[in-house]
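Chain residues, written in single-letter form:
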Amino acid sequence: MKIRKPNLLLFAALTLLCFSCSANDHKAQPVTQPYGMKALPYTTAVEVVWPAQEGTSRYEVQYTEGTDFTAATAREVTGEKLLVEGLKPDTEYSVRVRAAAGSDWTDWSVTKTVTTYSLEISVGTFNLLGATYTFKGSWDVRKGPAGKLILSDQFFPDILGTQETANEQQMNDMIAMLREHYDYRAGEHETMSAHLVFWKRERFELVEAEDVDMMGDNYPGKYLTSRYANYVRLREKATGNEILVYDIHPRAGNDVETQKLREMTAKGLATAALRKARETNLPVIITGDMNNYPTTMIEGVAGTPLTLTSKGFLDTYAMTENRTNGDFSTHCSQENVAENGSLTVGRNGTKRIDYIYAYPYERAAASDYAIVIDFADDTHTSARVPMPSDHLPVRTTLHFRY
């Protein structure tokens, strides 16, 4: 029988053909003008983001005041994001982007026209762990780290709501540590946890203030630590823009009766804050230790966060994707305050019980969010000890329209 030799030339041709087909199947698509570009305005900046284009990582962003691009500013970048800074507050800007296609450029994207906000404020909230807690990490040990952290570059907010500061010595220590930069309002009810609200005196002045009874006619004479919100109305000296600020600390506990109290507290606060917002036509900030995770329900009863968001108040964590340490729990074991500083990590912000809210949606934006942690050297899981508190402070940058 005659054995036929393989046709090597035919085999090579078929292999080349298959390779060419495979290569054509995965041929990169031509670079086209960017679609889906977003322009997110803040007070003195616009954040421009767009989907990545296959085949290029080089883009050009053009922006201009108004809508005429004749004298526009152009910035070439790699990546799919640009923060355009140094803009004017309360001003209209137009933005567009194009992609590099070899030595040429694509057509420009659709133009986005936005108006910057009028007021930028950094806001913080910090439960300082009451001075009556002395088992480990007494206030005398913690107060120095507390003041240092508040005044550090990573925190140092324009407005700061605090909780568990009713103790007279603790209150006086806080005032003394911050007096160089901050004015303050102390609540009239001596036992209220949300006893101190601070604001930078160079920027703001006090217009009005009061203790707001969030429980109204319910439970008279009871729950004096948690029933009052510390309310201040502040005016920015340079512009005259005003803001309404409420600091609260609902009651702690995992039972359904305590959850009902938190729901009542949140509803009472929402009613008072929304009424004041309507009367004054001013935006609102709420700070506090809410003693609930974001979606906690107990036997069908909604807690503080769910109640506030149902009333239209915006969780600043959800308002921005520019987050730092966003998955950390904002609360840790009291034993860790003076010992090992161990922290708990959740997922997608699910372990937060300390919050900053803004209202209303159409007049507010957040450009960043941070759970502020003074990490121990060479770690990203433990805080430096002694910790200032069994809570971690939260900070955000808010922008408002007027």
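Rules used throughout
Residues numbered from 1 in each chain as written. Predicted model: local features only at pLDDT ≥ 70, side-chain atom pairs only at ≥ 80, totals over all residues. Heavy atoms only, no water. Buried < 20%, exposed > 50% of the residue type's maximum accessible area, 1.4 Å probe, protein only. Helix = DSSP H or I, 4+ residues; strand = E, 2+ residues; numbered from the N terminus. Contact = heavy atoms within 4.5 Å. Polar contact = N/O pair within 3.5 Å; in protein donor to acceptor, adjacent residues only side chain to side chain. Salt bridge = Lys/Arg side-chain N within 4 Å of Asp/Glu carboxyl O. 1 Å grid on protein atoms, 1.4 Å probe; cavity = no way out; pocket = protein on both sides within 12 Å on 5 of 7 lines; lining within 4 Å. Points joined across faces, edges and corners; volume = space filled by probe spheres on them. Nonpolar A, V, L, I, M, F, W, Y, C, P; charged D, E, K, R; others polar. Pairing = 2+ DSSP bridges. Axes fitted to C-alpha atoms, helices over the stretch in contact; angles between N-to-C directions. Expected span 1.5 Å × (residues − 1). Arc of directions from axis to C-beta.

Caption draft 1: Summary view of helix α3 (residues 168-178). When we look at burial in α3, the residues that qualify are Gln 170, Met 171, Asp 173, Met 174, Ile 175 and Leu 178. Buried residues along α3 sit in contact with α2 (139-150), β10 (159-163), β11 (182-186) and β12 (196-200). The opening residue of α3, the one whose side-chain oxygen lies 3.0 Å from the backbone nitrogen of Gln 169, is Asn 167.

Caption draft 2: Up close: the pattern of salt bridges. With the rule as written, the count across this model stands at 22 salt bridges. The closest approach of N and O atoms between Lys 143 and Asp 173, which form a salt bridge, is 3.6 Å. With Lys 143 in helix α2 and Asp 173 in helix α3, the pair connects residues that are 30 residues apart, well separated along the chain. Judged by relative accessible area, Asp 173 falls into the buried class, the value being 10%.

Caption draft 3: Examining the environment of Thr 91 more closely. By the element assignment, Thr 91 lies in the loop between β5 (81-85) and β6 (92-101). Once the C-alpha coordinates of Thr 91 and Val 114 are considered, the two residues, 23 residues apart in sequence, prove to be 8.3 Å apart. In contact with Thr 91, other than residues within four places in its own chain, are Glu 65, Val 114, Thr 115 and Thr 116. Within the local environment of Thr 91, its side chain forms a polar contact with the backbone oxygen of Pro 89, the two atoms lying 2.8 Å apart.

Caption draft 4: Structural context of the layout of surface pockets. The computed volume of the largest pocket comes to approximately 470 Å³. If you go around the largest pocket, you meet 18 residues; those closest to its centre are Leu 40, Tyr 42, Met 319, Thr 320 and Ala 366. Elements supplying a minimum of two residues to the lining of the largest pocket: β1 (38-41), β2 (45-49) and β22 (364-371). Class assignment of the residues belonging to the lining of the largest pocket gives a composition of 11 nonpolar, two polar and five charged. A volume near 260 Å³ is recorded for the second largest pocket. Lining the second largest pocket are 17 residues, with Pro 145, Leu 149, Asp 374, Arg 384 and Pro 388 sitting closest to its centre. In terms of residue count, α2 provides more of the lining of the second largest pocket than any other element does, three residues in total. Looking at the lining of the second largest pocket residue by residue, the classes come out as 10 nonpolar, four polar and three charged.

Caption draft 5: Spatial organisation of the sheet that holds β11. Taken together, seven strands build an open sheet; the order of strands is β11-β12-β10-β9-β23-β22-β20 and the sheet is mixed. Both edges of this open sheet fall to β11 and β20 (323-324), since each of them pairs with a single strand only. This element, α3, spans β10, β11 and β12 of the sheet and lies at about 5° to β12.

Caption draft 6: Layout of α2. Counted at 1.5 Å a residue, the expected span for α2 with its 12 residues is 16 Å, and the 15 Å between its end C-alpha atoms agrees. Along α2, the positions that sit buried rather than exposed are Trp 139, Arg 142, Ala 146, Gly 147, Leu 149 and Ile 150. The buried residues of α2 occupy an angular sector of 160° when the element is viewed end-on, so they sit on one face. Exposed side of α2, more than 90 degrees from the buried face: Asp 140 and Lys 148 are the residues found there. Contacts made by the buried residues of α2 are with β9 (119-127), β10 and α3.

Caption draft 7: Representation of the environment of Asp 153. By secondary structure assignment, the location of Asp 153 is in the loop between α2 and β10. A residue is classified by how much of its surface remains accessible, and Asp 153, at 80% relative accessible area, is exposed. In the structure, Asp 153 is positioned 95 residues away from Ile 248 in sequence and 25 Å away in space, judged by C-alpha atoms.

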